[in-house]
Amino acid sequence: MKNKIIGPVMVAIWVLALIYMSSSYLSYEELSIRGLLEKNVAVHLGTQMIYKTVGITVIASIILYWILRTFIKEIVDPMQNMTEEASSFAKGEYVHQVKNYSIKEVQQLASALDDMGEKLYRTIRKLQYQKTKAESILSNLNEAIIILDEEGYITEGNEKVRTLLGGDAIKNQSILALIRDAKVMQVIEKAVGQGVYGSCEFLKNDQILHFRIGPISKGRKKYGFIISIRDITQTRQLEVMRYQFVSNVSHELKTPLTSIQGFAETLKEGAIDNRDIALRFIDIIDIEAKRLYRLIQDILCLSEIENMENNDGSEVNFTPLIEEVVSMLEQNATEKQVEIKLDIKQPLILECANTDYVKQVIMNIVSNAVKYTDEGNVIISTYIEDGKKVFCVQDTGIGIPEESLPRIFERFYRVDKSRSRKSGGTGLGLSIVKHIVELYGGVVEITSKVNQGTSFKIVFPE
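Figured I'd write up the structure that's included with this text. These numbers come from a predicted model, not from an experiment.

Our next topic: the packing of aromatic side chains. What characterises a pair of aromatic rings is the spacing of the ring centres plus the angle enclosed by the ring planes. Applying the stated criterion to the full structure yields four aromatic pairs. Three or more aromatic residues joined by ring pairs form one cluster here, namely Phe318, Phe391 and Phe460.

As structure tokens, this is what we get:
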């Protein structure tokens, strides 16, 4: 820029000087021709004029060059600085610097550019923070989020999309190519075509997924569509389990109540006058009432265990509890010619547990072993294996069919329904055992063969 201004100015000065020297020299020549000046004098005056003009022009050029260079520097240098700052702004770099320029207008321009840069920097920082926050929120959501353009092509998607739907490069794909489901296609086509919300459920890789789509808009302006996909498999399974539980509870409660109501009505209709019949009916009512009480107690116990945490308790030794349970079941075992044997290799102690819960685990497993063993023995053992605490109960009873083993801990599930009801079982015993053991970080392992016996092995961590 300096050369573009100073160069032409210097040329113009020397052109003017040459024009002046030429015209002056010609004037001296004309005077010489007319005889007003002698030729030697005219030549001498012309030469002196040229020397003086050249000298004055050189001095003037030097002075003007210095003035122009200084003036232009006051303008050009700030402009170069501001150009460099603007380039830095474009790259996302900003360093605030206080500048003082001698020219007022340049100073005002520099201050305005500096203010603009600072505001731009703050805006960029704010946008970067909001983008990072949005990406963090999206990546931590437990549902897939997809952004579509107005044509139905994917522009954005979080990591959960790949987890639920599969695929790596999902950008610029059609959503209809990613999810090939008739119900979903209908909802998408309606939403994209009419700009309305829609939802449905569909199956993908044995998962039940809830699909929802809605427009992204501000006023009448639409910017695309947002899709959310959530795995509701567990929710639906819990709903089925709740329905089955309510259905089973209703059935289990109805059976003893129906029996109690039937015998009570029979007594009211006249059977009470026959003492022997009345006493037999009253015994049955008493049995059914106790069964009903046990059922309600087991349901309450199961509910309590499911809603508590293992954050309190005391040290519990299995050995005295095992001996107590054996003494309670010994008479029943003797009547069935079942021998209960103890094999306490190492004492089993839980550091933080509830004594009543541990006793209930022992009682439920040992009583089941005695109940389903018509003749033989039941062996109760405790030992340490690979640093883990093991409580094991083995019997020589009727065993459990292989197809029933995966369901043995389900609520109200009975392998032999007639035997279980006859012995007063509620169908919740093993479910309670499983929940108590898991409460203390343990696992229940079961092996069984029909007509050979069953082994329940409970393993607690160190």
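Bringing the pairing of strand β12 (residues 453–460) into the picture now. Consecutive side chains of a regular strand alternate in pointing toward one face of the sheet and then the other. Of all eight residues in β12, eight are buried, a share of seventy percent or more. Two elements, strand β10 (residues 388–395) and β12, share six bridges in a ladder whose sense is antiparallel. Looking at β12, one finds that Val393 is bridged to Phe456. Strand direction decides the pairing type here: strand β11 (residues 443–449) and β12, joined by seven bridges, are antiparallel. Its bridge partner being in β12, Val444 is matched across the sheet by Ile458. Adjacent in sequence and paired antiparallel, β11 and β12 are bridged by three residues, among which Asn451 carries a positive phi angle near 65 degrees.

If you walk across this open sheet you meet the five strands as β7-β9-β10-β12-β11, and the pairing is mixed. Strand pairing shows two members of the sheet lacking a second neighbour, β7 (338–344) and β11, which therefore form its edges. Between one strand and the next, the sheet's axes are offset by a mean angle of 10 degrees, whatever the strand orientation. Bridging between β7 and strand β9 (residues 376–385) involves seven bridges; their strand directions are parallel. Following the sheet pairing, Ile340 is matched in β9 by Val378. The sheet contacts of helix α10 (residues 355–371) involve β7, β9, β10 and β12, and relative to β10 the element is tilted by about 25 degrees.

This paragraph deals with the pattern of salt bridges. Following the criterion strictly, the structure yields eight salt bridges and no others. Asp286 is paired through a salt bridge with Lys290; the nearest N and O atoms lie 3.2 Å apart. With Asp286 and Lys290 both in helix α8 (residues 275–306) and four residues apart, this pair spans about one turn of that helix. Where Glu324 meets Lys359, a salt bridge forms, and the shortest distance between an N and an O atom there is 2.4 Å. In this pair, Glu324 sits in helix α9 (residues 318–335) while Lys359 sits in helix α10, placing the two residues 35 residues apart along the sequence. By relative accessible area, which is 33% here, Glu324 ends up partly exposed.

The next point concerns α10. Residues three or four positions apart in an α-helix share a direction because the helix packs 3.6 residues into each turn. The first and last C-alpha atoms of α10 sit 24 Å apart over 17 residues, in line with the 24 Å expected at 1.5 Å per residue. Across the 17 residues of α10, 13 count as buried, placing the element largely inside the fold. At the N-terminal end of α10, a side-chain oxygen is found 2.9 Å from the backbone nitrogen of Asp356, two or three residues along, and the residue is Asn354.

Here we come to the side chain of Ser455. Within the fold, Ser455 resides in strand β12. The exposure class of Ser455 is buried, given its relative accessible area of 13%. Excluding its chain neighbours within four sequence positions, the residues that come into contact with Ser455 are Cys392, Val393, Gln394, Glu445, Ile446 and Thr447.

Note on placement: Asp395 falls in strand β10. Looking at Asp395, the relative accessible area reads 12%, which means it is buried. In this structure the C-alpha to C-alpha distance between Asp395 and Ser455, which are 60 residues apart in sequence, comes to 6.5 Å. Apart from residues no more than four positions distant in its own chain, Asp395 is found in contact with Ala369, Thr373, Asn377, Val378, Gln452, Gly453 and Thr454.

Attention now goes to unusual backbone geometry. Phi at Gln337 is positive, roughly 60 degrees, even though this residue is not glycine. Topologically, Gln337 is positioned in the loop between α9 and β7. Overall, the relative accessible area of 56% leaves Gln337 in the exposed class. Not every positive phi belongs to a glycine, and Asn451 is a case in point at roughly 65 degrees. Secondary-structure assignment places Asn451 in the loop between β11 and β12.

So, how was this worked out
- Residues numbered from 1 in each chain as written.
- Predicted model: local features only at pLDDT ≥ 70, side-chain atom pairs only at ≥ 80, totals over all residues.
- Heavy atoms only, no water.
- Phe/Tyr/Trp six-rings, centres within 6.5 Å; stacked < 30°, edge-to-face > 60°.
- Buried < 20%, exposed > 50% of the residue type's maximum accessible area, 1.4 Å probe, protein only.
- Helix = DSSP H or I, 4+ residues; strand = E, 2+ residues; numbered from the N terminus.
- Pairing = 2+ DSSP bridges.
- Axes fitted to C-alpha atoms, helices over the stretch in contact; angles between N-to-C directions.
- Contact = heavy atoms within 4.5 Å.
- Salt bridge = Lys/Arg side-chain N within 4 Å of Asp/Glu carboxyl O.
- Expected span 1.5 Å × (residues − 1).
- Polar contact = N/O pair within 3.5 Å; in protein donor to acceptor, adjacent residues only side chain to side chain.

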